[in-house]
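# Geometric and topological summary
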Amino acid sequence: MKPSEKKDLARLVKGLSRYQSFLLTCHVTPEGDAIGSMLAMESLLRRMGKKTRIVCQDPFPERLPCLSRRRWLRTCDLGTRIPSFDAVVLTDCPSLARVGDVVKLIRPDSVIFNIDHHVSNTRFGRYNFVRPEAAATAEVVLDIFETLKFKPTRDEAKSLYVGLATDTGSFKYGNTRAKSHLAAAELISAGINIEKINDDIHGSYSLKTIKLYERLFGRVKTAAEGAVAWASLRRLDLEKAGANDEDAEGFIDFVRYIKGVKIAFFISELPDGQSVRVSFRARGAYDVNRLATHFNGGGHRKSAGCKIKARLEDAEQQIVQRILKTFRF
Ligand SMILES: [Mn+2]
């Protein structure tokens, strides 16, 4: 760990002990790392005797049956009840805006604990512990457990393992480091069932998802002699397959798996028909965070995303042009 990170960690841990009640949240369209890290942090805070409440903009994803949704509250469920809290903990959020409408609950003077691993993190908190070399925010949270001398319980280990396995593609992606495996070893020794967890994360495609993929496979396009590949999703595709955005999320991996592909992306049309959400993936030395940042998004070198205010065909053209302008293949 870098000396500056050690300092940040010590400061954050001290800060956590200073407050009594915490609001926990994570980014919109949450996935395994955001949720797993947040659930483990919540459990840790409760073991420290703190009061906690989880509030997120979006629903708990169907695809993570192994994690507990018991304490998951959505902003739209709150009605007029504004929860009171002394401090906010954000996990896996590169910027405050990424929490979506939870931002309404956060006052300008709120004390924010920002726990993350995105290189694009804007250090928006009063306390920031950001480690871009960590494969997942789950690894960063495990550092906090260690510093506080708390050994993860089985439930906490499960949450953190989901985070690690999600962001490393179960330890296959280039961001996986020796430390990720050491973290996994510690979590496995807490008695978790990794076969079941990995099945939940990677191997539980519903039939409607497969039907949706069938449509998407027919629509894969390429440029730069196959070094760039992408697919696009229209609202109509979701309707026809009886699927939702969450069902489409994993398709980008298949685009990335095509032999020779260096940069893959996936565009989904948003309900307004006037804007799109884009996910980027890279292989080798290509840095898609640069691309996402160009379009006011962000993420990691090999996995990033953004929103573009344009119709689907226009967004597609803009992205391909930007890729060809930015990279040599
Ligand atoms: Mn993450």
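Bear in mind the structure is a predicted one, so any value in this text is a computation, not a measurement.

Conventions used here
- Residues numbered from 1 in each chain as written.
- Predicted model: local features only at pLDDT ≥ 70, side-chain atom pairs only at ≥ 80, totals over all residues.
- Heavy atoms only, no water.
- Helix = DSSP H or I, 4+ residues; strand = E, 2+ residues; numbered from the N terminus.
- Rg over C-alpha atoms; globule rule 2.2 N^0.38 Å.
- Buried < 20%, exposed > 50% of the residue type's maximum accessible area, 1.4 Å probe, protein only.
- Contact = heavy atoms within 4.5 Å.
- Areas by Shrake-Rupley, 256 points an atom, 1.4 Å probe, with all protein chains shown as cover.
- Axes fitted to C-alpha atoms, helices over the stretch in contact; angles between N-to-C directions.
- Parallel < 35°, antiparallel > 145°, perpendicular 65-115°, else oblique.
- Left-handed = near helix turned anticlockwise from the far one by under 90°.
- Nonpolar A, V, L, I, M, F, W, Y, C, P; charged D, E, K, R; others polar.
- Donors = N, O, S within 2.8 Å, 3.2 Å for Na, K, Ca; no water.
- Core = buried A, V, L, I, M, F, W, Y, C linked by side-chain atoms within 4.5 Å.
- Expected span 1.5 Å × (residues − 1).
- Pairing = 2+ DSSP bridges.
- Patch = residues over 30% accessible without salt bridge, like charges linked within 9 Å, V, L, I, M, F, W, Y side chains within 5 Å.
- Salt bridge = Lys/Arg side-chain N within 4 Å of Asp/Glu carboxyl O.
- Lys, Arg positive; Asp, Glu negative; His and termini not counted.
- Charge placed at Lys NZ, Arg CZ, Asp CG, Glu CD.
- 1 Å grid on protein atoms, 1.4 Å probe; cavity = no way out; pocket = protein on both sides within 12 Å on 5 of 7 lines; lining within 4 Å.
- Points joined across faces, edges and corners; volume = space filled by probe spheres on them.

Across its full length, the protein chain holds 13 helices and 12 strands. Relative to a compact globule of 329 residues, whose C-alpha radius of gyration would be 20 Å, the protein chain shows 20 Å and is just as compact. Along the three orthogonal principal directions, the C-alpha set of the protein chain runs to about 55 × 45 × 35 Å. Considering the protein chain as a whole, with its 329 residues, one finds that 53% of them fall into the buried category. Pairs at least 24 residues apart make up 65% of the contacts formed inside the protein chain by residues separated by at least 6 positions. By element, 52% of the accessible surface of the protein chain is carried by carbon and sulfur atoms, the whole surface being about 15200 Å².

Now for the packing of helix 4 (residues 137–148) against helix 6 (residues 178–188). Interhelical geometry of helix 4 versus helix 6 gives an angle of 60 degrees and a closest axis separation of 11 Å. One finds that helix 4 runs oblique with respect to helix 6. Taken as a pair, helix 4 and helix 6 cross one another with a handedness that is left-handed. On the side of helix 4, the interface is formed by Glu139, Leu142, Asp143 and Glu146, while helix 6 contributes Lys179, Ser180, Ala183, Glu186 and Leu187. Of the residues in the contact of helix 4 with helix 6, the class split is three nonpolar, one polar and five charged.

Before going further, it helps to spend a moment on the coordination of the manganese ion. Those donors, Asp33 (OD), Asp92 (OD), His117 (NE2) and Asp167 (OD), are the protein atoms that reach the manganese ion, and they lie 2.1 to 2.4 Å from it. Positions of the donor residues of the manganese ion, expressed as sequence spacing, correspond to D-x58-D-x24-H-x49-D. In this pair, Asp33 sits in helix 2 (residues 32–47) while Asp167 sits in helix 5 (residues 154–167), placing the two residues 134 residues apart along the sequence. Both residues of the pair, Asp33 and Asp167, count as buried.

Turning to the nonpolar core, a few remarks are in order. Core analysis: the biggest nonpolar cluster contains 52 residues, and Leu16, Phe22, Met41, Val89, Phe113 and Ile144 have the highest contact counts within it. Broken down by element, this core gets its largest block of residues, eight residues, from helix 2. Beyond its immediate chain neighbours, meaning those up to four positions away, Val89 contacts Leu16, Phe22, Leu23, Leu24, Thr25, Met41, Leu45, Phe113 and Ile115. Counting 25 residues, the second largest nonpolar core, distinct from the first, contains Phe280, Leu291, Phe295 and Leu312.

For the rest of this paragraph, the subject is unusual backbone geometry. Phi is positive for Arg123, close to 50 degrees, though the residue is something other than glycine. Within the element layout of this structure, Arg123 appears in the loop between strand 5 (111–116) and strand 6 (127–130). Assessed through its relative accessible area of 42%, Arg123 is described here as partly exposed. In the Ramachandran plot, Lys149 falls in the positive-phi region, its phi being about 60 degrees despite a non-glycine side chain.

Right, let's get into helix 5. In an α-helix, one turn spans 3.6 residues, which is why side chains three or four residues apart end up on the same side. Between its terminal C-alpha atoms helix 5 stretches 20 Å, which fits the 20 Å expected from 14 residues at 1.5 Å a residue. Summarising burial for helix 5: 10 of the 14 residues are buried, a large majority. All buried positions along helix 5 are accounted for by Glu156, Ala157, Ser159, Leu160, Tyr161, Val162, Gly163, Leu164, Ala165 and Asp167. Residues of helix 5 that are buried in the fold lie against helix 2, helix 4, helix 6 and helix 7 (194–202).

Our focus in this paragraph is the sheet that holds strand 2 (residues 51–56). An order of 3-2-1-4-5-6 is seen for the six strands of this open sheet, with the pairing classed as parallel. Strands at the two margins of the open sheet, each flanked by one partner only, are strand 3 (72–74) and strand 6. Across this sheet, the average inter-strand angle for adjacent strands is 25 degrees, counted without regard to direction. Pairing of strand 1 (residues 21–26) with strand 2 involves four bridges; the strand directions are parallel. Paired with Phe22 across the two strands is Thr52, which belongs to strand 2. Strands in contact with helix 1 (residues 3–18) are strand 1, strand 4 (87–91), strand 5 and strand 6; relative to strand 6, the strand with the most contacts, it is inclined by about 135 degrees.

Let us now look at a positive patch on the surface. On the surface, a cluster of positive charge is contributed by Arg11, Lys14, Arg18 and Arg126. In this fold, Arg126 is placed in the loop between strand 5 and strand 6. Residue classification places Arg126 among the partly exposed residues on the basis of a relative accessible area of 43%.

Attention now goes to the layout of surface pockets. In this approach the atoms are scanned with a rolling probe the size of a water molecule, which exposes any empty space left behind. Taken as a whole, the second largest pocket encloses approximately 280 Å³ of empty space. Mapped onto the lining of the second largest pocket, the elements with two or more residues apiece are helix 2 and helix 5. The residue inventory of the lining of the second largest pocket, partitioned by class, reads three nonpolar, four polar and seven charged.

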